[in-house]
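# Examination of the molecular architecture
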Amino acid sequence: MSGTHGGSDDGGVGSPVGNGLVGLLTDSARTAGLTGWLASRFEAVPVVWRRRLGGGTVAGVGLLLIGVPVVHAVQHSVSVEGVLGDLLPLGFGVLLLLAGAWLRWGADDDMAPVVAAFWVVSSLLVSGAVSLYVLGLHAAHGHVVESPSFLVFDIAATGAVAGLLISRYDVRARTRHRRLSEQERQFRAVFEGTLDALVITDDRGRYVAANPAAADLFGLPRSELVGRRIEEFAPEGTDVEAQWTAFLEEGGQRGEFELVRADGETRTVAYAATSNVLPGRHLSALRDVTERTEHQRELDAERARIEFLNRLLRHNVLNGMNLVLAKLDALAAAVPEERRGDVDVARHRSEEIVDLVQTARRLSTDVAGGTAERRVDLTDVLSDAVADLRESYPEATVEFTPPTADPQVLADDMLGTVFDHLLTNAAEHNDPASLRVTVGVECDAETVTVSVADDGVGIPADRREQLFDDGFGHDRDWGGFGLSIVDVLVDRYGGHVRAAANEPSGVVFHVELPRADA
């Protein structure tokens with residue numbers, strides 16, 4: 001649906017895609033961790049030293065928190081109140097000691113030890129300073145605080161553990177920022193570099209982003225395309241609003257539509273659209289298929305012409321030749337014995353014309369119907385063609401040793417026509433009584449090559465090079481229509497046919513066909 005397309009902002013609306021999907025990803029990626037500046041300064045430091053410095057600092061703070069209660073317990077008499085009072089900083093110290101060891105050897109993020117050390121030390125100092133400030137205020141007002149040094153110590157220890165928790169959040173923020181940055185780079189590379197047009201619209205059908213391919217498709221610079229609405233590029237009479245509403249309700253669409261470019265040219269565009277790739281943002285991929293559509297129309301017209309030719313051959317030529325053959329049968333008994341040879345020649349040529357017309361009909365039917373390739377046993381096809389030649393020209397010598405591998409090729413039922421024409425061509429253009437025809441097969445991993453060689457008069461070199469130059473469109477008066485059919489069929493199978501001189505005389509045709517199991 002044309003209503004799902006959008007444009008881009010070419011520098012005038014911020015990032016290369018303005019407020020579109022890439023712009024939103026970029027905004028999210030800019031929210032880095034709170035210590036991004038610190039991490040950037042430690043990126044040049046080797047990883048092992050980051051871990052040693054960060055993990056050692058956190059573990060050192062933990063040892064400090066453990067050591068103070070231990071020293072206090074040694075210097076003073078042990079009491080229940082003292083033990084209970086030391087449990088909290090002692091537990092905090094053990095926690096930080098374990099955290100330091102994990103940061104040194106087990107952290108997934110190589111920057112996590114530095115970030116954790118920064119926050120633990122910073123929080124320790126800040127919380128200690130705040131507690132000293134509060135104690136100073138109490139002392140200024142004449143209040144008496146028992147064991148002020150241990151109160152400051154407990155608050156600082158709590159701050160250190162809080163810093164450890166903050167560092168965990170900060171590392172997660174940095175990881176999230178890094179992933180968003182990677183996604184933004186990947187999406188930007190796809191969005192800007194793809195050959196298909198990618199466009200984004202808002203809920204009102206207004207273009208908010210487009211890549212360079214979209215600007216080429218719409219015929220406008222991206223800065224001019226952004227902000228325009230979908231109906232500006234729709235043909236007159238198109239109910240854009242209804243289509244747009246249906247697209248939003250369905251959540252996605254695929255199909256084709258007519259796009260009227262800024263210069264007035266109409267292009268046929270195939271699209272795949274998805275709504276709400278982000279809230280209020282709808283993404284479409286567009287591809288100009290105008291040439292493909294025109295080619296399809298031309299192909300349909302050509303198939304209609306071929307079908308007309310097929311009917312003409314079937315109803316006119318074949319019916320006429322069948323009548324000729326029937327008249328020849330009726331005349332045969334009345335023709336004098338010395339002229340019977342003329343009747344036989346006429347019948348033979350008439351039957352050849354019928355065979356040729358039927359071959360042309362099959363070709364036109366396959367082209368019009370798009371006959372699919374399939375696996376064909378080449379040995380069976382060659383054996384049948386050789387048997388037909390031996391039956392038609394018993395005086396000729398035909399040599400053929402079937403291959404042991406029984407190769408299969410990609411072809412169809414017309415493959416036999418290829419070798420019938422090649423073998424018959426050798427017999428018709430030479431004296432069958434002195435003719436030797438050799439059929440060989442060579443196989444490799446991807447192709448099968450069949451050679452049909454004779455020892456006849458051969459074909460001049462300049463003519464051999466032209467035999468298969470112009471496909472079905474032979475306009476010369478030599479070479480035989482049958483070889484044109486061979487050329488067309490082999491080309492349709494994805495193969496190749498060529499002619500070469502045979503030694504010491506004659507010609508050899510090489511037919512290369514793709515193997516079905518390649």
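First, a word on what this report is: a plain description of the structure on this page. (Residues numbered from 1 in each chain as written. Predicted model: local features only at pLDDT ≥ 70, side-chain atom pairs only at ≥ 80, totals over all residues. Heavy atoms only, no water.)

## Topic: the packing of helix 5 (residues 112-140) against helix 6 (residues 148-193)
We apply this condition: To get an axis, a line is fitted to the C-alpha atoms, and for a helix only the part in contact is used. The angle between two axes follows their N-to-C directions and goes from 0 to 180 degrees. A run of H or I in DSSP becomes a helix once it reaches four residues, and a run of E becomes a strand once it reaches two; helices and strands are each numbered from the N terminus. Handedness of a helix crossing follows the sense of rotation of the near helix relative to the far helix, less than a right angle counterclockwise being left-handed and clockwise being right-handed. Gly is put with the polar residues, along with every residue not named as nonpolar or charged; the nonpolar set is Ala, Val, Leu, Ile, Met, Phe, Trp, Tyr, Cys and Pro, and the charged set is Asp, Glu, Lys and Arg.
Contact pair helix 5 / helix 6: the axes reach a minimum separation of 6 Å and the direction vectors enclose 145°. Note on packing geometry: the crossing formed by helix 5 with helix 6 is right-handed. Considering only residue class, the contact of helix 5 with helix 6 consists of 18 nonpolar, seven polar and two charged.

## Considerations on the pattern of salt bridges
Threshold: Here a salt bridge means any side-chain nitrogen of Lys or Arg lying within 4 Å of a carboxyl oxygen belonging to Asp or Glu. A 1.4 Å probe rolled over the protein chains alone gives each residue an accessible area, and that area as a share of the maximum for its type sets the label: buried under 20%, exposed over 50%, partly exposed in between.
Applying the stated criterion across every chain yields a total of 18 salt bridges. Note that Glu-265 is salt-bridged to Arg-267, the shortest N-O span being 2.8 Å. Looking at Glu-265, the relative accessible area reads 33%, which means it is partly exposed. We note a salt bridge from Arg-267 to Asp-288, for which the minimum N-O separation is 2.9 Å. A residue pair is termed long-range when its members are at least 10 positions apart, and Arg-267 in strand 4 (residues 266-278) and Asp-288 in strand 5 (residues 281-288) qualify at 21 residues. Residue class for Asp-288 comes out partly exposed when judged on its relative accessible area of 35%. If you follow the salt bridges from partner to partner, you end up with Arg-261, Asp-263, Glu-265, Arg-267 and Asp-288 in one network.

## Here's the deal with the packing of aromatic side chains
Defined as follows: The criterion for an aromatic pair is that two Phe, Tyr or Trp rings (for Trp, the six-membered ring) have centres within 6.5 Å, with stacked assigned to planes under 30 degrees apart, edge-to-face to planes over 60 apart and tilted to the rest. Counting as a charge over the ring demands two things of the Lys NZ or Arg CZ atom: a distance within 6 Å of the ring centre and an angle within 35 degrees of the ring normal.
Across all of its chains, the model carries seven aromatic pairs by this definition. When the ring of Phe-118 is compared with that of Trp-119, the centres are 5.4 Å apart and the planes differ by 75°; the resulting orientation is edge-to-face. By relative accessible area, which is 26% here, Phe-118 ends up partly exposed. Ring centres 5.6 Å apart and planes at 70° place the aromatic pair Tyr-207 and Phe-218 in the edge-to-face group. One end of the pair, Tyr-207, is in strand 2 (residues 207-210); the other, Phe-218, is in helix 7 (residues 212-218), with 11 residues separating them in the sequence. For the pair formed by Tyr-207 and Phe-218, the shared burial category is buried. Here Arg-52 stacks its cationic end above the ring of Trp-49, 4.9 Å away from the centre of that ring.

## Considerations on the side chain of Ser-127
The line we're drawing: Pairs of N or O atoms are called polar contacts if they sit within 3.5 Å, as long as, within protein, a hydrogen donor faces a hydrogen acceptor (for residues adjacent in sequence, only side-chain-to-side-chain pairs). Residue contacts are defined here by distance: any two heavy atoms, one from each residue, within 4.5 Å place the two residues in contact.
Within the secondary structure layout, Ser-127 lies in helix 5. The class of Ser-127 is buried, set by a relative accessible area of 13%. Here the side chain of Ser-127 touches Leu-124 through a polar contact of 3.1 Å, landing on its backbone oxygen. Setting aside chain neighbours within four positions, we find Ser-127 in contact with Ile-155, Ala-156 and Gly-159.

## Observations concerning the sheet that holds strand 12 (residues 507-514)
Basically, it comes down to this: Pairs of strands are assigned from DSSP output, requiring at least two bridges between the strands.
Strand order in the open sheet formed by five strands is 7-9-10-12-11, and the pairing between neighbours is mixed. Of all the strands in the sheet, the pair left with one neighbour each is strand 7 (397-400) and strand 11 (496-501). When the angles between neighbouring strand axes are averaged without regard to direction, this sheet yields 15°. With four bridges connecting them, strand 7 and strand 9 (residues 436-443) associate as parallel partners. Bridge pairing in strand 9 places Phe-400 opposite Val-439. The strands touched by helix 12 (residues 378-392) are strand 7, strand 9, strand 10 (447-454) and strand 12; relative to strand 7, the strand with the most contacts, the crossing angle is about 170°. The sheet strands contacting helix 13 (residues 415-428) are strand 9, strand 10 and strand 12, and the helix crosses strand 12 at an angle near 175°.

## Remarks on the sheet that holds strand 5
The strands that make up a sheet pair up through hydrogen bonds in the backbone, lying either parallel or antiparallel. Pairing within the open sheet is antiparallel, and its five strands lie in the order 2-1-5-4-3. At either margin of the open sheet sits one strand with a lone partner, and together these are strand 2 and strand 3 (252-260). Within the sheet, the average angular offset between the axes of one strand and its neighbour, ignoring direction, is 30°. Here strand 4 runs beside strand 5; their pairing, made up of seven bridges, is antiparallel. Following the sheet pairing, Ala-273 is matched in strand 5 by Ser-284. Its contacts with the sheet place helix 6 against strand 1 (197-201), strand 2 and strand 5, and it is angled at close to 115° to strand 1.

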